[in-house]
Amino acid sequence: MSLYALTCRAPLRYSQLVRLTSLYSKHYDKTRFTARSSSSRTPAQKDTGIQYVRNIGIIAHVDAGKTTTTEQMLYNCGALKRAGNVDQGDTVTDFLPMERQRGITIQSAAITFKWPLQERLPPYGQQYIINLIDTPGHVDFRFEVERCMHILDGVVCVIDGVEGVEAHTERVWASAQEFKVPRVIYVNKLDRDGASFKKSVQDIGLKLNGMPLVCHIPWWGKETMKGVVDVITRSVVSWAGTRDVPEELSKKILEGTIREETERARERLIEQLCEKDDDLLEMWTAHGKDISDVAIKESIRRVIKDGEGSLIPVFAGSSLKNIGVAALLDGVTDYLPSPSDRPELEVRIGRTQQPLSQVLQAPKPSKKSQPHIEALASVFKVVNDPRRGMLTFVRVYHGVLKKNTSMWNANLQQFERPLNMMQISAGQTIEIPHLSPGQIGAISGLKAARTGDTLLTFGSDKAPQSELATIQVRPPEIPPGVAFIVLDAYSPTGAKALEEALENLSREDPSLRWFKDEKTEQYTLSGMGTLHLEVARDRLENHYKAQAYWGAISVDYKECLVAATAPHRAVFDKTVAGKSGKAACSVVIEPLDEYHRDTLSGSYFERDGNIIQVVFPREDLVPDIEATRQHLTNGVISALARGPRRNSPMHQCLVTVTFDARTDLFGPAPGSHLIGAANKAAREALKEAYQQGLVGILEPVMKVTIVCPEVSAGAVQHDLHSVRGGHVLEVKDVQETHANESGVIDASEIYAPPDPYEFQTTLRETQKGRLRMLEITARVPFVEMLNYDTLLRGKTQGRHTLTMALDIFERVTGPREKAL
């Protein structure tokens, strides 16, 4: 193609012209794009299975319509005769009684279904298997969201067409960005009064730091949404009051304003894609705007596959009225990647991260033949089902996971044998013989597996005596608890049932921790917030039928050291479980500062904000270094669980344990004696620090975001600052459409179709005084926020939203410390 031909097209941007010139200088004599891009891709036969799998999650702010969208997906694919309703409490994914009572999602429910229906399949078409995770929207359950994030290959983010992008949406979007998960956005609730597709699209660009690719636009009839138009195919893909059958939709003809807007939207879509996709840019120079629909869809798939979120496909609809949901499912299969399209999995061995293929192909230096890994899977959820017992949800990354094979738990270092294997649609199950690579399913019969564990199968029932036995897929990072509740069993027999229930509950959700006070025989359960503990209590009482006296939810204070302790050496020589022995070690505890993480060398263990390092001056004299290190670490962990001042957990401590075999080794000793020695030395060090006044108290400080009317904002700010002892960090207008700090997205570059009532905007602007909403961001001690939502209702007449997350643990000083 000549440069003269290039100048005959519509004007190019400078950046496009520079890249295009570079491309043609390299590939001028090649026509590689012509044959490849003008035809649809046919997956290779060997990849047929995995190419037609989609592992997707739904993320959103609370009450944006995640569960309703899931219900309509199940209805459209034929799994339900009618879609459930959150308000009526008959949904499939919110299957816990408390979820149905409160109308919120608490547990991530895994659902498997096929799309499209047989009658919608084109000739020689193939059905896709969609594994869908409906995740919580409440900030107290963020751990639940992030545990599921890494097993997903794609994400659908649902936003409310009235509210736009809300605070928690930005947080879960950031989690997806961290894991580099490709994502699309579905603007829901466009049937409601005050819904604005234009404002929502602008919100996406300015708050989520990516350029919106408007793939669907709403077809408005007066001020209500009649249907949805696909701008790529220039056709109606959904119509109100129908099941979106292709034959019926093909009769809807685009005319007048909607036709012009569709053409404008398609041109802007192609222009934005050409900014990122060289292949489409070359096609554009050859064919102009007459690019095939298939080529545009392939381009969208390419640009979002890296998960960077620089371009964000946007869809429109109303899940409650089933408008746009079937079209969204088509978008999931067209644009989101299959497991084979994603980057290779990296696993952790020891303290190093390595690609899985490198680990599997690593040469074995041992003379004995080691078992090879036949399958590898990650546990992302454990649920106690009333009929089937504990169900372990897994994602398979390598090999075929068979139900009758012993599974090695790399975290617990033990074998477990499953009873059955199934795929779940919340309350409905389909038994299966195996799970293929990329698939998601549930296993029953595992006794110890918990959320975050890694399961391996080998050619035999013997675990390899090598690093292969320690492979882990993204071990969970569990944040420290900020609230706790004390409970007391009714009777000694009830105590046993209560302990079993607490253990099962912590298997389901490792961010719930519990321990028993041996002196008072009371149990303490800690979690991530008030709602988190309320849900845990409800689960214990109604699901596990545990009977106990319950205290009030309280703030989970921590204890810390303000100065380092002197070295403390302890000798442990008691008889434990009929075994005698003797062991010793020395312990030094000091405050943990940020620079310690940069200066620490060698192996160390981090848990609950503390770092434990074990030092061996003479490694050659220690019989089993790793086992000794583990026992000493366990002893310190148990000592740090309860501080000397308030019996609260220790936090921000650096513990150095020294085990000198010349003075501390007295011959073979059971592991319990090493644990006892480390525990005794750490407790003595903490006790002396307390006697010297070196133990301080830490309290959780939350980062709080409150959205409220402008007329109430002054009273809320005064209350936060003067009464609650907080610090207001920022106040901003929610309606302001200013580019975010990074300045990456220019608001003038965002394309968004007009809303039907846009001509009334000038009239509405005059009334903004009472409609204007402000977003207040502040840092406030958690103790002041326990029942703050109720107090806010009085100040804002219930027109507010409150979200908070742990920001930091800060030391309590002055009168407040004395009061504690």
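Provided above is the structure to which this section pertains.
Cut-offs applied
- Residues numbered from 1 in each chain as written.
- Predicted model: local features only at pLDDT ≥ 70, side-chain atom pairs only at ≥ 80, totals over all residues.
- Heavy atoms only, no water.
- Phe/Tyr/Trp six-rings, centres within 6.5 Å; stacked < 30°, edge-to-face > 60°.
- Buried < 20%, exposed > 50% of the residue type's maximum accessible area, 1.4 Å probe, protein only.
- Lys NZ or Arg CZ within 6 Å of the ring centre and 35° of its normal.
- Pairing = 2+ DSSP bridges.
- Helix = DSSP H or I, 4+ residues; strand = E, 2+ residues; numbered from the N terminus.
- Axes fitted to C-alpha atoms, helices over the stretch in contact; angles between N-to-C directions.
- Contact = heavy atoms within 4.5 Å.
- Salt bridge = Lys/Arg side-chain N within 4 Å of Asp/Glu carboxyl O.

## Thoughts on the packing of aromatic side chains
What the rule picks out here adds up to 8 aromatic pairs. Residues Trp-514 and Tyr-523 carry aromatic rings whose centres are separated by 6.1 Å and whose planes lie at 45° to one another, so their mutual orientation is tilted. Trp-514 sits in the partly exposed class, given a relative accessible area of 23%. On the basis of relative accessibility, which here comes to 1%, the residue Tyr-523 falls in the buried class. Across the ring face of Tyr-75, the terminal group of Arg-243 is positioned such that the distance to the ring centre comes to 4.4 Å. Sitting over the face of the ring of Phe-666, Lys-582 holds its NZ or CZ atom 4.5 Å from the ring centroid.

## Topic: the sheet that holds strand β7 (residues 216–221)
Taking strand neighbours across the sheet as the criterion, the 3 strands line up as β7-β8-β9 in an open arrangement whose pairing is antiparallel. Each edge of the sheet is formed by a strand with only one pairing partner; in this case those strands are β7 and β9 (235–239). Taking each pair of neighbouring strands and ignoring which way they run, the sheet shows an average axis angle of 35°. Judged from the 6 bridges that link them, β7 and strand β8 (residues 224–230) form a sheet pairing that is antiparallel. What sits directly across from His-216, in β8, is Asp-230.

## Some remarks on the sheet that holds strand β32 (residues 610–615)
Pairing is mixed in the open sheet, where 5 strands are placed in the order β29-β30-β33-β32-β31. Of all strands in the sheet, those bounded by a partner on one side alone are β29 (568–572) and β31 (604–607). Sheet twist, expressed as the mean angle between neighbouring strand axes with direction ignored, is 25°. In terms of strand pairing, β31 meets β32 through 4 bridges, oriented antiparallel. For Tyr-604, the partnering residue across the bridge sits in β32 and is Gln-613. Across the sheet, helix α19 (residues 625–640) lies against β30 (583–591), β31, β32 and β33 (653–658), angled at about 145° from β32, the strand it touches most. Seen against the sheet, helix α21 (residues 671–691) touches β29 and β30 and runs at an angle of roughly 140° to β29.

## Details of the pattern of salt bridges
Scanning the model with the defined rule gives 32 salt bridges in all. Here Arg-513 and Asp-608 are joined by a salt bridge, their closest N and O atoms 2.8 Å apart. Highlighted residues: Arg-513 in strand β24 (residues 513–517) and Asp-608 in the loop between β31 and β32, separated in sequence by 95 residues. Classification of Asp-608 by relative accessible area gives partly exposed; the value is 27%. As a salt-bridge pair, Arg-662 and Asp-660 come within 2.9 Å of each other at their nearest N and O atoms.

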